[in-house]
Amino acid sequence: MTHPNQTPIPELYVSDEAAAALKHEAGKLPSWDLTARQMCDLELLMNGGFNPLKGFLTEADYNGVVNDMRLTSGALWPMPITLDVSEKFAEGLEPGTDIALRDPEGVILAIMSVTDKYVPNKAHEAEKVFGANDLAHPAVNYLHNIAGPVYLGGPVKGLQAPTHYDFRGRRNTPNELRAMFKKLGWQRVVVFQTRNPLHRAHQELTFRAAREAQANLMIHPVVGMTKPGDVDHFTRVRCYEAVLDKYPSATTTLSLLNLAMRMAGPREVVWHGLIRRNHGATHFIVGRDHAGPGKNSAGKDFYGPYDAQELFKTHEDEIGVEMVDFKHMVYVQEKASYFPANEVPEGSTVLDISGTELRRRLREGLDIPEWFSFPEVVTQLRRTSPPRARQGFTVFFTGLSGSGKSTIANALMVKLMEMGGRPVTLLDGDVVRKHLSSELGFSKEHRDINIKRIGYVASEITKNGGIAICAPIAPYTATRRAVREMVEQYGAFVEVHVATSIEECERRDRKGLYKLAREGKIKEFTGISDPYEDPQKPELRVDTQDVDVDTCAHQVLLTLEGMGLIGLN
């Protein structure tokens, strides 16, 4: 008897002959270059990972999903899968138009028949899907500051899957996994979803889950998009492969899931359950705060620790996957083994290392005990995260024109070069304008592009172990956040707010720019006719009024030393 999780599910690909003919026709169609998130979504649409979806959501389906977690067919589906595009691209498109969906290299992956074009209420989407319209949530920030303003809906015809050059043997479509489970005779499969490296507590948790469910185990990590600041997927997969030897090979497999997570907590876990059902799972491990994004603007967790488990349990029958709920695992010193936190023998010594503490130990080159993680995993993490004093970093000065940013930046550069050890690059505003952004004006859009270019160069310098010093005005919170996320993939980002008052900046104004702005001769001038949004939590705030440059630069050095990035000895 074949178990339901082993019969093939519908894919959206057309035949090879049809794909060849459609590719020829697609050359004449309007083309949309997919973003990284849309690439992940399209791949899972085409290979059946998002079954029963047949394409990007129509307006009616979108409204049903946002408000009630239901498609118009009545099927359970908690996450809006939308093709967000620019106003300019949407302008000429009428329902009934076909568009070509291309990867960043221009390869046509699919053709979409546009049936719907609509402008969503993003604040409402944030409230309903993520529980709050709060920019501290990475997906809400994405929604408002990265995603396009217009959504297109309609079915897609898949022409070819996106190409992945990494870990090809570990990437499986839903139907490939279903066929594999059938061949191996695996009737019961418990899935462990992860976006972090695996440590001993995870191994213990997964062993217990497989035992409890009397099932084989599939470790199914997300390698598409996770939370900004997470360990990159190359490092994580090397960690998973290192740990795989600790599992019995006949009952455990590792497969990679190219999913763009939204970190939506309760809704996300229902979504993950449906995706895993499509991939042939019968059981799904759900731990504390599954897919939680961390703290909100008020410093509280976005979701309660067991909210995700409760919502999953409510819809378990319809999801078609059984939940295996697991509590937080901790190490009991006297027993030299792991226990669920609520089963610890009385009077025992509990040892635990949080994610924050692990990052601190890596950053400072401190010991990571074997009871916590496997030496092989620690070796991989140390390769990617050497101690901070050997990492690249970016110092990003922001403040009004005339606040003293460039002067302090120059002084800091000289002091860091005097210390030696790492190459130092000053990305001065005027130099960047000349060499990277000579075609840009000073509109809000162009200033944002300029800052993002600076951020991109700074992230490359940081990635390669150098020090980047940037000193643009950078008046907008969202743009500074985008730059921080770019840089923090590779090293530390140190924001320095040069908080000199506008009165003092005007008093110093040698070029007479403020005067021209007040006379209306310079449009969109920061602080006069365009806002400057003060950073809320910079790593350092300095005011150059009545304080000399050397003192300000030294304050920055002390901050860098305090963060472990340099040694002043």
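Residues numbered from 1 in each chain as written. Predicted model: local features only at pLDDT ≥ 70, side-chain atom pairs only at ≥ 80, totals over all residues. Heavy atoms only, no water.

**Considering the nonpolar core**
Phase 1: Counting 71 residues, the largest nonpolar core has Phe50, Trp77, Leu83 and Leu101 as the members making the most contacts within it.
Phase 2: Not counting residues up to four positions away in its chain, the partners in contact with Phe50 are Asp41, Leu44, Leu45, Trp77, Ile81, Leu259, Trp271, Ile275 and Asn278.
Phase 3: One finds Val190, Ala213, Trp371 and Phe372 within the second-largest nonpolar core, a separate group that totals 36 residues. (Core = buried A, V, L, I, M, F, W, Y, C linked by side-chain atoms within 4.5 Å. Buried < 20%, exposed > 50% of the residue type's maximum accessible area, 1.4 Å probe, protein only. Contact = heavy atoms within 4.5 Å.)

**Notes on the packing of aromatic side chains**
Phase 1: Applying the stated criterion across every chain yields a total of 16 aromatic pairs.
Phase 2: Centroid distance Phe167 to Phe234: 6.4 Å. Interplanar angle 40°. Geometry classified as tilted. Note that Phe167 is positioned in the loop between strand S7 (150–158) and helix H7 (174–184) and Phe234 in helix H9 (residues 233–244), a separation of 67 residues in sequence.
Phase 3: Assessed through its relative accessible area of 41%, Phe234 is described here as partly exposed.
Phase 4: Considering the side-chain rings of Phe284 and Phe312, the 6.0 Å spacing of their centres and the 40° angle between planes classify their relative orientation as tilted. Of this pair, Phe284 sits in strand S11 (residues 283–286) while Phe312 is found in helix H11 (residues 307–314), placing the two residues 28 residues apart along the sequence.
Phase 5: Phe284 gets classed as buried once you look at its relative accessible area, which sits at 0%. (Phe/Tyr/Trp six-rings, centres within 6.5 Å; stacked < 30°, edge-to-face > 60°. Helix = DSSP H or I, 4+ residues; strand = E, 2+ residues; numbered from the N terminus.)

**A look at the side chain of Arg195**
Phase 1: With respect to the helices, strands and loops of the structure, Arg195 is situated in the loop between strand S8 (189–192) and helix H8 (200–213).
Phase 2: With relative accessibility at 16%, the residue Arg195 sits in the buried group.
Phase 3: Filtering out sequence-adjacent residues up to four positions away, Arg195 remains in contact with Thr226, Lys227, Asp230, Arg236, Tyr240, Met261, Met263 and Gly292.

**Here we look at the sheet that holds strand S20 (residues 540–542)**
Phase 1: Spatially, the five strands line up as an open sheet ordered S17-S18-S16-S19-S20, and their pairing is parallel. With partners counted over all chains shown, the strands left at the sheet margins are strand S17 (424–427) and S20, one partner each. Across the sheet, the mean angle from the axis of one strand to that of its neighbour is 15°, orientation sign disregarded.
Phase 2: Here strand S16 (residues 393–398) runs beside strand S19 (residues 492–498); their pairing, made up of six bridges, is parallel. Within the sheet, the bridge partner assigned to Phe396 lies in S19 and is Glu495.
Phase 3: The strands touched by helix H21 (residues 549–562) are S16, S19 and S20; relative to S20, the strand with the most contacts, the crossing angle is about 170°. (Pairing = 2+ DSSP bridges. Axes fitted to C-alpha atoms, helices over the stretch in contact; angles between N-to-C directions.)

**Let's talk about the packing of helix H17 (residues 444–463) against helix H18 (residues 477–488)**
Phase 1: As a packed pair, H17 and H18 sit with axes 8 Å apart at the nearest point and diverge in direction by 20°. Classified by the angle between their axes, H17 and H18 sit roughly parallel to one another. Regarding H17 and H18, the two cross each other, and that crossing is right-handed. Note on element contacts: H18 touches H17 through Thr479, Ala482, Val483, Met486 and Val487, opposite Asp448, Ile451, Lys452, Gly455, Tyr456, Ala458, Ser459 and Thr462. (Parallel < 35°, antiparallel > 145°, perpendicular 65-115°, else oblique. Left-handed = near helix turned anticlockwise from the far one by under 90°.)

**Here we look at the packing of H9 against helix H14 (residues 375–384)**
Geometrically, a packed helix pair is captured by the angle between its two axes and the distance between the axes.
Phase 1: Direction vectors running N to C along H9 and H14 enclose 165°, while the axes themselves pass 8 Å from each other. One way to sum up the angle between H9 and H14 is to call them roughly antiparallel. Here H9 and H14 pass one another in a crossing that is right-handed. Here Thr235, Arg238, Cys239, Ala242 and Val243 of H9 come into contact with H14, specifically with Glu376, Val377, Gln380, Leu381, Arg383 and Thr384.
Phase 2: Along the lines of polarity and charge, the residues of the contact of H9 with H14 split into five nonpolar, three polar and three charged. (Nonpolar A, V, L, I, M, F, W, Y, C, P; charged D, E, K, R; others polar.)

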